[in-house]
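What follows is each chain in one-letter form.
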Amino acid sequence: MAKSDDGIHILQGLLVFGNVVIGMCGIALTAECIFFVSDPHGLYPLLEATENDDIYAAAWIGIFVGFALFALSILGIIGVLKSNRTLLLVYIILMLITYAFEMASCITAATQRDFLTPNLFLKQMLERYKKSDTENNNDKWMTEGVTKTWDKLMLQNHCCGVRGPSDWQDYTSAFRITHSDADFPWPRNCCVMDAQGSPVNLDGCKLGVPGYYNKNGCYDAISGPMNTHAWGVAWFGFAILCWTFCVLLGTMFYWSRIEY
Amino acid sequence: TRTMVPLLLMLLATAHGQVKLGYKPKLASSDLGGLRTTSTFVLEQPHCVFDKYPNADIWLVVAVPEAVPNFNNSVGPGTPERAFQEFPTNALAYMTLNTTLLNYACPKPPGELTVLRVGSETSCAKNNLRPTCNGPLPSPGPYRVKFLALEDSEPTAETDWSKPITLRTGTAAGPSSIPVTGSGHSGGMIALTAILSILFAVLLAGLLAMLVFWGSDACGGSSTFSKPETVSVRRYNTHHVYDQPAAR
């Protein structure tokens, strides 16, 4: 009898420990997802314009799941220590619901990440950057978002286009309609700027002299943060869910061993 | 008179004084990102080519390849036959970028980038009063160029014609040229989905098993344990048991 008592105590201890870890991971998940939703790199308008910003939905779900995990872990600890069947049943059911939501969030983040290819951003940039004839308010809003984001991207990361300045030459674009090729072989922000925000040497920039224009593409500056975002939500969530799986199985076993 | 005619022709030819300089205009160095765009291109400056003609105006002639065989050097710049605004419909060539030898110093100054950007003037492209405008080229080409030296509006020297220069064409950003359909799902995503689905299924099965055996002590009754004493102990004491000690 003493031995099985010890075994049960060990199981109790493990479950409490497991729930403590779940609680802390829940807080971490909430913090991480709040960080992503706050969009420190200012790339959200690009996603908004693709009309497929599910990565942000996944992060929003992550915030609430994190809170839920924290709250439920406290419930779980109380239930395990009190050996209360009802509490533990409520805990298990609510945890399964939270599990389902977090699963949805992870899978969405992973799937959407595969959707964000260089060609997607290239097409969007060519169709929306500095587009002048917008059809409705929504179109205008997205166009302004894309234009501002690209201007900021090219200025801060010293880059041009998705793969390089040749994007503006290899394809026709909305930009080309209002800006002639001779004056603007590529947008002004592709030029190396001085402290006042004007090109250091405009003719050098138009000629494409190395050193007076940005030769590399911006795709790395876009995909880096997005990858971090997607993998952060997806794989951290996956790790939490694997751990939660073990804790839940243990809790179910513990529940079945409580004398009613 | 029979010998006079060829002699006269020879005299006329030398009177025009058209010396053919063995220089072939070429595009500038390929380091330049804007060497060829959709409406401009960049040429090397003809340094040390027109040294013998310090008083001449050196013009750039841009022509369609069909105009090269019968090209007449005597047609002056600024005439409708050589106006930029009529190119390439009514004029098969135009002349622009007029300068003197001072700008093509010999030897070429070291460390400086000396190039000619053909097509950079957008302000005069539609202005008929500026037929020698260096306007943007209307189509991808091809084009052939040469330099021509004029003294008092008479051609004195010319370079060879360049190789045909073709400009870049931009393809439309349509679904065929920029395929956006995803490249399929990555292995990581498939593994993640599969594993999570399996784990969730196991948990649901466990929950089902729990609910089926809800309240059933028969399952593993021997290893059940009783709640620890400290949790909630209620002692129901009937009044009459304790009345006696209290009444003492």
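The name that an unreviewed UniProt entry assigns to chain B is UPK3L protein, with the source organism given as Eurystomus gularis.

Going by an unreviewed UniProt entry, chain A carries the name Tetraspanin and comes from Eurystomus gularis. Of the comments in the UniProt record for chain A, the one headed Subcellular location (unreviewed entry) reads "Membrane". Per UniProt, chain A carries the Sequence similarities (unreviewed entry) text "Belongs to the tetraspanin (TM4SF) family."

Running from amino to carboxyl end, helix α4 (residues 85–115) of chain A crosses helix α2 (residues 187–212) of chain B at an angle of 165 degrees, the nearest separation of the two axes being 10 Å. In terms of their interaxial angle, α4 of chain A and α2 of chain B are classed as roughly antiparallel. Note that α4 of chain A runs across α2 of chain B; the crossing there is left-handed. For the pair formed by α4 of chain A and α2 of chain B, the contact residues are Leu89, Ile92, Ile93, Leu96, Tyr99, Ala100, Met103, Cys106, Ile107, Ala110, Thr111 and Asp114 of chain A on the first element and Met189, Leu192, Thr193, Leu196, Ser197, Leu199, Phe200, Leu203, Leu204, Leu207, Met210 and Leu211 of chain B on the second. Tallied by class, the residues present in the contact of α4 of chain A with α2 of chain B amount to 20 nonpolar, three polar and one charged.

Here the focus is the packing of aromatic side chains. Residue and element names in this part refer to chain A. On inspection of all chains with the given rule, the structure shows 17 aromatic pairs over all chains. Note on phenylalanine 121 and tyrosine 219: the rings are 6.5 Å apart at their centroids and 50 degrees apart in plane angle, and the pair reads as tilted. Placement of phenylalanine 121 in helix α5 (residues 118–128) and of tyrosine 219 in helix α10 (residues 219–257) is noted, with a sequence separation of 98 residues between them. For the pair formed by phenylalanine 121 and tyrosine 219, the shared burial category is buried. With a centroid separation of 5.1 Å and an interplanar angle of 20 degrees, the aromatic rings of tryptophan 186 and tyrosine 213 are classed as stacked. With tryptophan 186 in the loop between α8 (174–178) and α9 (202–207) and tyrosine 213 in the loop between α9 and α10, this residue pair connects regions lying 27 residues apart in the sequence. Taken together, the ring pairs connect Tyr129, Trp168, Phe175 and Phe184 into an aromatic cluster. Taking the ring centre of tryptophan 255 as reference, the NZ or CZ of arginine 85 above it sits at 4.2 Å.

Residue and element names in this part refer to chain A. Split into domains, chain A comes out as domain 1 (1–116 + 227–257) and domain 2 (118–218). On the side of domain 2, 13 residues touch domain 1, which itself brings 11 residues to the contact. Between domain 1 and domain 2, a total of about 1,000 Å² is buried, with carbon and sulfur atoms accounting for 69% of that surface. The three residues of domain 1 that bury the most area against domain 2 are Leu46, Ala49 and Leu116, which together make up 48% of that side's buried surface. For the interface between domain 1 and domain 2, the tally reads three residue pairs in polar contact (both at pLDDT 80 or more). With four residues, the single largest contributor to the side of domain 1 that touches domain 2 is helix α2 (residues 44–49).

Next up on the list: the packing of helix α3 (residues 54–82) of chain A against α10 of chain A. All names here are of chain A. With their axes 11 Å apart at the nearest point, α3 and α10 run at an angle of 25 degrees to one another. Looking at the two axes, α3 sits roughly parallel to α10. The handedness of the crossing between α3 and α10 is left-handed. Across the interface between the two elements, Ile55, Tyr56, Ala58, Ala59, Leu69 and Val80 of α3 pack against His229, Ala230, Val233, Ile240 and Tyr254 of α10.

With 59 residues of chain B at the contact, the number on the chain A side is 57 residues. Of the roughly 5,100 Å² buried between chain B and chain A, counting both surfaces, carbon and sulfur atoms make up 69%. Joining chain B to chain A, the criterion identifies one salt bridge. Of the charged contacts in the structure, one is a salt bridge between arginine 168 of chain B and aspartate 170 of chain A, with a shortest N-O distance of 3.0 Å. At the junction of chain B and chain A, the tally comes to 12 residue pairs in polar contact (both at pLDDT 80 or more). Breaking the side of chain B that touches chain A down by element, the ones donating at least two residues are β5 (115–118) and α2 of chain B. Here the residues of the side of chain B that touches chain A sort into 29 nonpolar, 25 polar and five charged.

What follows deals with the UniProt feature "transmembrane region" (unreviewed entry) in chain B. Per the UniProt record, the feature "transmembrane region" (unreviewed entry) sits at residues 189–214 of chain B. Helix makes up 92% of residues 189–214 of chain B and strand makes up 0%, while its end C-alpha atoms are separated by 37 Å.

Our next topic: a nonpolar patch on the surface. A cluster of nonpolar side chains, Val90, Ile93, Leu94, Ile97 and Phe101 of chain A, forms an exposed patch at the surface whose accessible area comes to about 410 Å². Within the secondary structure, valine 90 of chain A is located in helix α4.

Calculation criteria
Positions within a chain are numbered from 1, following the residues in the order the chain's sequence is written. Here chains are named by letter from A upward and ligands by number from 1 upward, in the order in which they appear as written. Since the coordinates come from a predicted model, pLDDT governs what is reported: local features require at least 70, and pairs of side-chain atoms require 80 or more to be given and counted, while whole-chain, interface and lining totals use all residues. Computation of side-chain values covers all heavy atoms of the structure but excludes hydrogens and water. UniProt positions are given in the numbering used here, feature names are shortened, and annotations may be inferred rather than shown by experiment. Axis geometry follows a simple rule: fit a line to the C-alpha atoms, using only the stretch in contact for helices, then measure angles between N-to-C directions, giving values from 0 to 180 degrees. Helix and strand labels come from DSSP, where a helix needs a run of H or I of at least four residues and a strand needs a run of E of at least two; each type is numbered from the N terminus. The scheme is simple: roughly parallel for angles under 35 degrees, roughly antiparallel for over 145, roughly perpendicular for 65 to 115, oblique for anything else. In this scheme the handedness of a crossing depends on how the near helix is turned from the far one: anticlockwise by less than a right angle means left-handed, clockwise means right-handed. Two residues form a contact once any of their heavy atoms are found within 4.5 Å. Each residue gets one label: Ala, Val, Leu, Ile, Met, Phe, Trp, Tyr, Cys and Pro are nonpolar, Asp, Glu, Lys and Arg are charged, and the others, such as Gly, are polar. Here a pair means two rings of Phe, Tyr or Trp (six-membered ring of Trp) with centres within 6.5 Å. Their orientation is stacked below 30 degrees between planes, edge-to-face above 60, and tilted elsewhere. Think of it in three bands: residues with accessible area under 20% of the maximum for their type are buried, residues over 50% are exposed, and the middle band is partly exposed, with areas taken using a 1.4 Å probe on protein chains only. Working rule: Lys NZ or Arg CZ, within 6 Å of ring centre, within 35 degrees of ring normal, means a charge sits over the ring. These domain boundaries are the output of an automatic or database domain assignment. We define buried area as the total accessible area lost by two parts upon association, computed with a 1.4 Å probe and summed across both. Contacts described as polar in this section are N or O atom pairs within 3.5 Å, which, within protein, must combine one atom able to donate a hydrogen with one able to accept it, while residues neighboring in sequence count only if both atoms come from side chains. The working definition used for a salt bridge is a side-chain nitrogen of Lys or Arg within 4 Å of a carboxyl oxygen of Asp or Glu. The patches described consist of residues with a relative accessible area above 30% and no salt bridge, like charges being joined within 9 Å and nonpolar side chains (Val, Leu, Ile, Met, Phe, Trp, Tyr) within 5 Å. Accessible surface area values rest on a Shrake-Rupley calculation with a 1.4 Å probe, where residue burial reflects the displayed protein chains alone.

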